Amino acid sequence: MISVENLHRSFGDLKAVDGVSFTIDSGRVVGFVGANGAGKTTTMRIMATLDHPSSGRVVLGGHNVVHHPAKARRILGWMPDSFGTYEHMTVLEYLDFYARALGYRGKERLARVQEVMDFTDLTPLADRMSNKMSKGQTQRLCLGRALLHDPQVLIMDEPAAGLDPKARIELKNLIRILSQEGRTILISSHILSELGEMCDSLLFIDKGRIVHHGDADTLKRSGQNEQTTIVNVEVAGDPRALQNWALTAAHVKILDETKRGARLCIDSADEQIVAGVLRRLVTDQILVLDFHREERRLEDAFVDILADLNKPKPPPVPVVLPPPPPAV
Ligand code: ATP
């Protein structure tokens, strides 16, 4: 349903999008993750026909967004990261205005607006001024507007930004229903843990390049251990002595220092290794206050991917050719 091929977009010397390629099958929900300035909005704006690529192409449902923008827009719902409403317009008038602009007329238009208001739970706010609503309500109105023409593809730029936990859950539920209806959805966000729950896969972008595309579970397992053990310890003397101790213990690192000890991480899923470290703590008279297993978080996986990318590459080994055989 979505195909992005070798997309480039430069602003002067800045390569905001630098060879991005990915495909998303129909009915999939994909999270688009990256730090500020990584290139998410630029990529999404091109996909939404709002900007032109320097090179490369985007095809939505068979329509090239540069060559056939009107056809692409017909199947595309776009939810921008910042959203303005009009003064002196109620929720109902606002949606009705867009429904008219989209070509809906008469009863069909009223039915469409009502359907969208019911879905986004805006019916009780139909007469509320559209610029006098909470952030969560405004986001629902923005989603409602994007859904008016019943698009098969939804592109949502940071829809959960600034929402309180309750509004985030409401939004997540709406996204779940939209995906169950078979829509293809691309959502950007910084809230990785939430994206992991609702997305079939995650696309990680860094400095305009895709650095990973996979599902959340595989990602948590990738590179390092899926599980770690966190141990809270105390020492009788100077807690800084723990640093030397940690240097001599395999699989152990200090996460943070506490008043009389530290929080340690045993970076292994192997029970024998974990038991060995705990035994050593006891024999070395370090008081174990408590310990528990922790799943690797998506954030950690992302940080590891970036760290791997930024590792200095070893210099290329020069190829030494054998001397030519002496001439006979
Ligand atoms: P954020 O999470 O902060 O929204 P992002 O991943 O969406 O970040 P983009 O908005 O795509 O990042 O920006 C990518 C880079 O391109 C940034 O360095 C940004 O400053 C730059 N950029 C974006 N739009 C323009 C523009 N119109 N003119 C010049 N530079 C731009």
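Residue numbers restart at each chain and count upward from 1, following the sequence in its written direction. Reporting of local features is limited, given that this is a predicted model, to residues whose pLDDT is at least 70; pairs of side-chain atoms are given and counted only at 80 or more, and all residues count toward the totals for whole chains, interfaces and linings. Side-chain numbers come from the whole structure's heavy atoms, not from hydrogens or water.

*Asks:* What exactly am I supposed to notice about the site of the ligand here?
*Replies:* Any residue with a non-hydrogen atom lying within 4 Å of a molecule or strand is treated as near it. In the vicinity of the ligand, the contacting residues are Phe11, Leu14, Ala16, Ala35, Asn36, Gly37, Ala38, Gly39, Lys40, Thr41, Thr42 and His190. Identification of polar contacts relies on pairs of N or O atoms within 3.5 Å, with a donor-acceptor requirement for protein atoms, meaning one able to donate a hydrogen and the other able to accept it, and with residues adjacent in sequence counted only if both atoms are side-chain atoms. Here an oxygen atom of the ligand and a backbone polar atom of Gly37 are 2.7 Å apart. Lys40 places a polar side-chain atom, nitrogen or oxygen, 2.8 Å from an oxygen atom of the ligand. The Shrake-Rupley method, run with a 1.4 Å probe sphere, supplies the accessible areas, and residue values consider only the shown protein chains as cover. Taken by itself the ligand offers 640 Å² of open surface, and the protein chains cover 60% of this. The way it works is that DSSP assigns letters per residue, a run of H or I at least four long becomes a helix, a run of E at least two long becomes a strand, and they are numbered from the N terminus. Elements represented by at least two residues in the shell around the ligand include exactly β2 (14-24) and α1 (40-47). Broken down by element, the shell around the ligand gets its largest block of residues, 3 residues, from α1. In this count, Pro and Cys sit with the nonpolar residues alongside Ala, Val, Leu, Ile, Met, Phe, Trp and Tyr, while Asp, Glu, Lys and Arg are called charged and the others, Gly among them, polar. Partitioning the shell around the ligand into residue classes produces 5 nonpolar, 6 polar and 1 charged.

*Asks:* Would you mind showing me how to read the pairing of strand β13 (residues 261-266) here?
*Replies:* It is a general feature of regular strands that their side chains alternate between the two faces of the sheet. The classification of residues rests on relative accessible area computed with a 1.4 Å probe and restricted to protein chains. Under 20% of the type maximum is buried, over 50% is exposed, and intermediate values are partly exposed. Counted residue by residue, β13 has 5 buried out of 6 residues, so it is predominantly covered. Where strand β11 (residues 227-234) lies against β13, 6 bridges are found, and the strand directions are antiparallel. Note that in β13 the partner of Asn232 across the bridge is Arg263. Being paired, for any two strands, means DSSP has found at least two bridges between them. Where strand β12 (residues 252-257) hands over to β13, the hairpin turn is made up of 3 residues, counted between the paired strands.

*Asks:* Teacher, can you tell me more about the pattern of salt bridges here?
*Replies:* Think of a salt bridge as a Lys or Arg side-chain nitrogen and an Asp or Glu carboxyl oxygen that are within 4 Å of each other. In this structure the tally under the stated criterion is 14 salt bridges. Ionic pairing is found between Asp96 and Arg100, a salt bridge with its closest N-O pair at 3.2 Å. Here Asp96 and its partner Arg100 are both found in helix α3 (residues 91-101), 4 residues apart, which amounts to about one turn of the helix. Residue Asp96 is classed as buried on the basis of its relative accessible area, which comes to 13%. With its nearest N and O atoms 2.7 Å apart, the salt bridge here joins Arg109 to Asp96. Of this pair, Arg109 sits in helix α4 (residues 106-119) while Asp96 is found in helix α3, placing the two residues 13 residues apart along the sequence. Classification of Arg109 by relative accessible area gives buried; the value is 11%. Connected through salt bridges with shared partners, the residues Asp96, Arg100 and Arg109 form a single ionic network.

*Asks:* Help me understand the domain arrangement of the protein in this model?
*Replies:* Size of an interface, as often reported, equals the accessible area lost when the parts are brought together. Each domain span listed reflects an automatic or database assignment of domains. Domain parsing of the protein yields domain 1 (2-214) and domain 2 (222-305). Put simply, the middle of domain 1 and the middle of domain 2, counted by C-alpha atoms, are 42 Å apart. Note on definitions: a residue-residue contact is assigned when non-hydrogen atoms from the two residues lie within 4.5 Å. Listed per partner, the contact involves 10 residues of domain 1 and 4 residues of domain 2. Summed over both partners, the interface of domain 1 with domain 2 buries about 610 Å², with 85% contributed by carbon and sulfur atoms. Once two parts are joined, some of their accessible surface, as seen by a 1.4 Å probe, is lost; buried area is that loss totalled over both. A per-residue breakdown of the area domain 1 buries against domain 2 is headed by Leu192, Phe204 and His212, which together make up 57% of the total. The interface formed by domain 1 and domain 2 holds 0 salt bridges in total. The tally of links from domain 1 across to domain 2 stands at 0 residue pairs in polar contact (both at pLDDT 80 or more). Broken down by secondary-structure element, the contributors of at least two residues to the side of domain 1 that touches domain 2 are α7 (192-198), β9 (201-206) and β10 (209-214). Tallied by class, the residues present in the side of domain 1 that touches domain 2 amount to 6 nonpolar, 4 polar and no charged.

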